Amino acid sequence: MRKEPFYMKIAHVFVEHPIYHLDHTFTYACDGFDLQRGVRVEVPFGRTHIIGFVSEVKEISEEEKKSYGFEIKSIDSVIDEEPLINEELFTLADWMADTYVAPKISCIQCMLPAKLKPKSTHGTIKMEAFVQYVKDINNLTIKQKTALEDLKAVKLMPRAAFYQKYKTPGKKLIALGCAKIIEKEASAFVNEIQVQESEFTLSTQQIQALHEIRKSKHHEVFLLHGATGSGKTEVFLQLASDTIKQGKQVVFLVPEISLTPLMVNRVKRRFGNALAIYHSGLNAQEKYEQYQLVKHHKVQIVVGTRSAVFMPFDDLGLIIMDEEHDTSYKQDRMPRYHSRDIAIERGKYHDAKVVLASATPCLESYARALKKVYHLVEMPQRINESFPEVKLVEMRQAIKNGEDATLSNTMLDAIYERLQRKEQVILLLNRRGYTPILRCISCGHVIQCPHCDVAMSYHKQDKQLKCHTCGYQMPVPTHCPSCGSSTWRYLGMGTQKLEELVQVKFPQAKILRMDADTTGKKNAHEDILQAFANHEADILLGTQMIAKGLDFEDVTLVGIVNGDAMLARSDYRSAELTYDLLEQASGRSGRGDKRGEVIIQAYDIHHYAILAAANHQYQYFFQREMKYRHMANYPPYTYLVSMVFQHKQEAAVSQSVSYAMEYLMKKEGFKVLGPAGLHKIKDEERTRILLKGKDQRQLSRMVKDVYDRHIASKQKARLEIDLAPIILE
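Residues numbered from 1 in each chain as written. Predicted model: local features only at pLDDT ≥ 70, side-chain atom pairs only at ≥ 80, totals over all residues. Heavy atoms only, no water.

Moving on, we get to the overall build of the protein chain. The number of helices and strands found in the protein chain is 21 helices and 30 strands. For the protein chain, whose C-alpha radius of gyration is 29 Å, the value lies close to the compact-globule estimate of 27 Å for 729 residues. Projected onto the principal axes, the alpha-carbon positions of the protein chain cover approximately 105 × 80 × 65 Å. Counting every position in the protein chain, which comprises 729 residues, the buried fraction comes to 53%. (Helix = DSSP H or I, 4+ residues; strand = E, 2+ residues; numbered from the N terminus. Rg over C-alpha atoms; globule rule 2.2 N^0.38 Å. Buried < 20%, exposed > 50% of the residue type's maximum accessible area, 1.4 Å probe, protein only.)

Think of it this way: side chains of opposite charge can pair up when their charged atoms draw near. In the structure shown here, the tally under the stated rule is 36 salt bridges. Note that Glu423 is salt-bridged to Arg418, the shortest N-O span being 3.9 Å. Here the two residues Glu423 and Arg418 agree in accessibility, since each one is buried. (Salt bridge = Lys/Arg side-chain N within 4 Å of Asp/Glu carboxyl O.)

Attention shifts here to helix 21 (residues 696–712). The end-to-end C-alpha distance of helix 21 is 24 Å, a good match for the 24 Å that 17 residues give at a rise of 1.5 Å each. Where the residues of helix 21 are buried, they touch helix 2 (87–99), strand 27 (639–647), helix 20 (650–664), strand 29 (684–693) and strand 30 (718–722). A positive phi of about 55° marks Lys714, the residue just after helix 21. (Expected span 1.5 Å × (residues − 1). Contact = heavy atoms within 4.5 Å.)

A separate point is the nonpolar core. Counting 118 residues, the largest nonpolar core has Met96, Leu224, Phe252, Phe310, Val355 and Leu540 as the members making the most contacts within it. What Phe310 contacts, discounting residues up to four positions off in sequence, is Leu89, Leu92, Met96, Cys110, Met111, Tyr337, Ile342 and Arg346. Residues Met395, Ala398, Leu412 and Met493 belong to the second largest nonpolar core, which totals 24 residues. (Core = buried A, V, L, I, M, F, W, Y, C linked by side-chain atoms within 4.5 Å.)

Moving on to helix 7 (residues 204–215). Spanning 12 residues, helix 7 covers 17 Å between terminal C-alpha atoms, matching the ideal 16 Å at 1.5 Å per step. Taken together, the buried positions of helix 7 are Gln205, Gln206, Ala209, Leu210 and Ile213. One face of helix 7 carries all of its buried residues, which in axial projection span an arc of 135°. More than 90 degrees from the buried face of helix 7, the exposed residues found are Thr204 and Gln208. (Arc of directions from axis to C-beta.)

Strand-to-strand pairing in sheets goes through backbone hydrogen bonds, with the strands running parallel or antiparallel. Read from one edge to the other, the open sheet built from 6 strands follows the order 16-26-25-17-24-23, with strand pairing classed as parallel. The sheet is open, and its two edges are formed by strand 16 (389–394) and strand 23 (511–514), each paired on a single side. Pairs of neighbouring strands in the sheet enclose a mean axial angle of 15°, with direction left out of account. With 4 bridges connecting them, strand 25 (residues 555–561) and strand 26 (residues 597–602) associate as parallel partners. Looking across to strand 26, one finds that Val558 is bridged to Val598. Sheet contacts for helix 16 (residues 524–533): strand 17 (424–429), strand 23, strand 24 (539–542) and strand 25; angle to strand 23, the most-contacted strand, approximately 150°. Packed onto the sheet, helix 17 (residues 574–586) meets strand 17, strand 25 and strand 26 and runs at close to 160° relative to strand 25. (Pairing = 2+ DSSP bridges. Axes fitted to C-alpha atoms, helices over the stretch in contact; angles between N-to-C directions.)

Turning our attention to the sheet that holds strand 8 (residues 179–185). Spatially, the 3 strands line up as an open sheet ordered 7-6-8, and their pairing is antiparallel. Among the strands making up the open sheet, the edge pair consists of strand 7 (156–158) and strand 8. Going from strand to strand, the sheet's axes swing by 35° on average, the running direction of each strand aside. Inspection of the sheet shows strand 6 (residues 127–133) paired to strand 7 by 3 bridges, in the antiparallel sense. Of the residues in strand 7, the one forming a bridge with Val131 is Met157. Lying over the sheet, helix 4 (residues 142–154) contacts strand 6, strand 7 and strand 8, oriented at roughly 110° with respect to strand 6.

Below, the structure written as structure tokens:
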């Protein structure tokens, strides 16, 4: 009798640890399991059991099994019934791993909500109990019959609602087998609401912009450069309407949670309630439920922040990235992706249009548009055809004149005027906390974080010193640890202190503060903005989160304190970040029928970034800044790559840096900047090497080689790679 050939079913599995030396698949037997590519499995790994992600399932012969040369262990269990990501997202994960030099499992993990991540800490899906109709029987009481008829009509009813309505007869029906309790996954409820807003009458430039974008029938990247208040949102909504009518999906990306409620409200008023919302303010269960709405085609529109770009679309027609210049779109931990890159890659796959929009496009995007890599669409005029008047206040002179060092007389007079006219004011200070520095008057000692090389910030409400880098906090010491003196001086200005000062100057004014400290609670962003929209406050005061995207018709004054603070940074983007902040903040004033005014307080009012913002001259700023970038050989004329080596022991960092430098100095075609010591974070010493060159692929290969050698030589220091750093310390 002929012997049946031996076949064994195996799975190639990525394990959950996002570590480069584990960035390959491990082989497990999976006979007896119904397994598909893209599901999570529990697997033995050394002496423990961890979560893995199936990359491939196949059968092997006995000869092939022998060629493996080790015992193939079996998986323990299968977690998912169906794949979590589709083939497009698998391909995207491959592209991300290669582009950002990151372990593939880290790329897969960043695509999924916490409850679906291939991690041991993924948590469980919340279940809800329902009562389900089963059958009719005779001899029921009138109350029991009524309860059963009601249940029969709807087939299924939440258990809590059923018991609340029919407590005793309901329980009896279950005991008699007429109904039964079942459990289902908790899911977000999509409640259709009446559309409250029709399409607006368009301005000439809106019509032209729509015509330009609509002309394209396939994937194309558009850079919509529109002034603040030019009506970009209406263009988004009409493009979204076109896409939805074609049966395709739309994603609106915004840079920060604070902008999500505003965009959600606009989309809801136009399209009803059938949309998913995805941002870091949602808890793990809420994120999971929103993710499932998209996966199961219950919604066509998603509004969200950075990670919403990974939602499980299968027929994406339009990606809108508002405020595309914003640095929040860059992920600050591995994999260090930029949402713009992901949006364009997904747009290519789905043959979808990608609209990058901003009043202050990043220099790289505008340069690409000028080179016809992106399709440039300009909307230079405001809808109300009225830009706010901008006044520059030179603070050196104001202080010489005996004015307040924080709020000049010009600013105070302008605030008083608005309060008298019952108009609203936005005050921007790009700092949070009561004061940034606590200094001893006797010896000048500054209290620093014991774990980071940064000064602690005083928060008056909590009477605590907090580190804004690692989160460490401590009470204010009674005596200086350096000299024993008990006299402290609070230097600098934070939003809490500014709020107190404004309240003292204008005791009748109602003030709302919006910064990282007041927005820690759930829905805090939405609550603060709604209160301001309802005129529950006269002044909205805060950090950069109030500088963009807000649209309040009664705001006729925007005051900017320390307008040139970022220019003191050594980062090569400091002028661009300053211009963006000032131009965006200025755009919050005079958006309705009333004339707007902007007051910028600064020490260097003649800097080209400040003058360009004051005159709303993006082109002027672009040309001046590009000359500087060209002379200094910075992006977009070159590419930058950052490698940061970190460890608690300085010797381990030095050894790893020396080993990397030894290799890099033998290579050509790029420039090595550094090594440069960075300030300590969380007790870890850090040193950075920068590579600068014209060939992005060569830089990527170099970094990959450095990383491979780093791992192979078993260096103690951790190596963090950023293929396109946006901010340099």
